[in-house]
Amino acid sequence: MTSLIHDFNDHFGNIDWKDADNVRRQIALIPAMVSKDKTYQNAMRNADKQEARTESDRVLQAVIMSIMADNMELFKQFNDNPAFKKRLSDMVFTMTCNTEGKPFENGSPM
């Protein structure tokens, strides 16, 4: 799964981040933050993949809002760059979605 993060970083490496290390650190933390949401966990266990994706995207939006104060750059890219938002959403869903609804930690669901 770390290859997903590397692919994501390669794809958006041309963004002129003012604090690139902070952005990379926060992006790496996002999957675990999203996967801890109880509604998303329930959707992974009990709903179809589309419903789980809808919940993943909902939680990702909330996570981005919660870290906005720490990283306005990341928030701005998420809101203003549709390609960035889609790739981040795809990466988070791919890394976190599992039929057991387990939280993501250290590279895989717990």
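Structure first, text after, so check above.
Residues numbered from 1 in each chain as written. Predicted model: local features only at pLDDT ≥ 70, side-chain atom pairs only at ≥ 80, totals over all residues. Heavy atoms only, no water.

Some thoughts on the overall build of the protein chain
Stated precisely, the cut-off is as follows: Helix and strand assignments come from DSSP, with helices taken as H or I runs of at least 4 residues and strands as E runs of at least 2, each series counted from the N terminus. Whether two residues are in contact is decided by their heavy atoms, any of which lying within 4.5 Å being enough.
Each helix and strand counted, the protein chain has 6 helices and 2 strands in total. Going from N to C terminus, the protein chain has its helices and strands arranged as α-α-α-α-α-α-β-β. Once local pairs closer than 6 in sequence are excluded, the contacts in the protein chain between residues at least 24 apart make up 70%.

Concerning the packing of helix 4 (residues 49–66) against helix 6 (residues 82–96)
Just so we agree on the cut-off: For helices, the fitted line uses only the C-alpha atoms of the stretch in contact; every axis is such a line through C-alpha atoms, and the angle between N-to-C directions lies from 0 to 180 degrees. When describing relative orientation, an angle under 35 degrees is termed roughly parallel and one over 145 degrees roughly antiparallel, while 65 to 115 degrees is termed roughly perpendicular and anything else oblique. Handedness of each helix crossing follows the sense of rotation of the near helix against the far helix: counterclockwise by less than a right angle gives left-handed, clockwise gives right-handed. Each residue is assigned to one of three groups, with Ala, Val, Leu, Ile, Met, Phe, Trp, Tyr, Cys and Pro labelled nonpolar, Asp, Glu, Lys and Arg labelled charged, and all others, Gly among them, labelled polar.
One can describe the packing of helix 4 onto helix 6 by two numbers: an axis separation of 10 Å at closest approach and a directional angle of 120°. Regarding the angle of helix 4 to helix 6, the classification is oblique. Here the hand of the crossing between helix 4 and helix 6 comes out right-handed. Contacts from Lys 49, Ala 52, Arg 53, Ser 56, Asp 57, Leu 60, Gln 61 and Ile 64 of helix 4 reach helix 6 at Lys 85, Lys 86, Leu 88, Ser 89, Asp 90, Val 92, Phe 93 and Thr 96. Its residues placed into classes, the contact of helix 4 with helix 6 shows 6 nonpolar, 4 polar and 6 charged.

What to know about helix 4
Stated formally: Multiply 1.5 Å by the residue count of a helix minus one, and that product is the helix's expected span. Accessible area is worked out with a 1.4 Å probe on protein chains only. A residue is then buried under 20% of its type maximum, exposed over 50%, and partly exposed in between.
In this model, helix 4 (18 residues) spans 25 Å end to end at C-alpha, consistent with the 26 Å of a helix rising 1.5 Å per residue. All buried positions along helix 4 are accounted for by Ala 52, Arg 53, Glu 55, Ser 56, Val 59, Leu 60, Val 63 and Ile 64. At its buried positions, helix 4 is contacted by helix 2 (20–35), helix 3 (38–46), helix 5 (72–80) and helix 6.

A closer look at helix 6
The criterion, for reference: Two N or O atoms count as a polar contact when they lie within 3.5 Å, although within protein this holds only if one can serve as hydrogen donor and the other as acceptor, and sequence-adjacent residues are included solely when both atoms are side-chain atoms.
An ideal rise of 1.5 Å per residue puts 21 Å on 15 residues; helix 6 measures up with 21 Å between its terminal C-alpha atoms. Residues of helix 6 that are buried include every one of Phe 84, Leu 88, Ser 89, Met 91, Val 92, Phe 93, Met 95 and Thr 96, and no others. With a side-chain oxygen lying 3.1 Å from the backbone nitrogen of Ala 83, the N-terminal cap of helix 6 falls on Asn 81.

A short note on the nonpolar core
In plain terms, the rule: We call a set of buried Ala, Val, Leu, Ile, Met, Phe, Trp, Tyr and Cys residues a nonpolar core when their side-chain atoms join them within 4.5 Å.
Counting residues in hydrophobic clusters, the biggest one holds 28 residues, and the most contacted among them are Ile 30, Ile 64, Leu 74, Phe 84 and Leu 88. At the level of secondary structure, the elements contributing two or more residues to this core comprise helix 2, helix 3, helix 4, helix 5 and helix 6. For this core, the leading source of residues is helix 6, giving 6 residues.

A look at the pattern of salt bridges
Condition: Any carboxyl oxygen of Asp or Glu within 4 Å of a side-chain nitrogen of Lys or Arg constitutes a salt bridge here.
Under the definition given, this model contains 7 salt bridges. Across the pair Arg 53 and Asp 57 runs a salt bridge whose closest N-O atoms are separated by 3.0 Å. Separated by 4 residues within a single helix, Arg 53 and Asp 57 lie in helix 4, roughly one turn from each other. As a salt-bridge pair, Glu 55 and Arg 58 come within 2.7 Å of each other at their nearest N and O atoms. One end of the pair, Glu 55, and the other, Arg 58, are both in helix 4, 3 residues apart, so they sit about a helical turn from each other. Classification of Glu 55 by relative accessible area gives buried; the value is 11%. For Arg 58, a relative accessible area of 38% gives the class partly exposed. Sharing partners across several salt bridges, the network here consists of Arg 53, Asp 57, Lys 86 and Asp 90.

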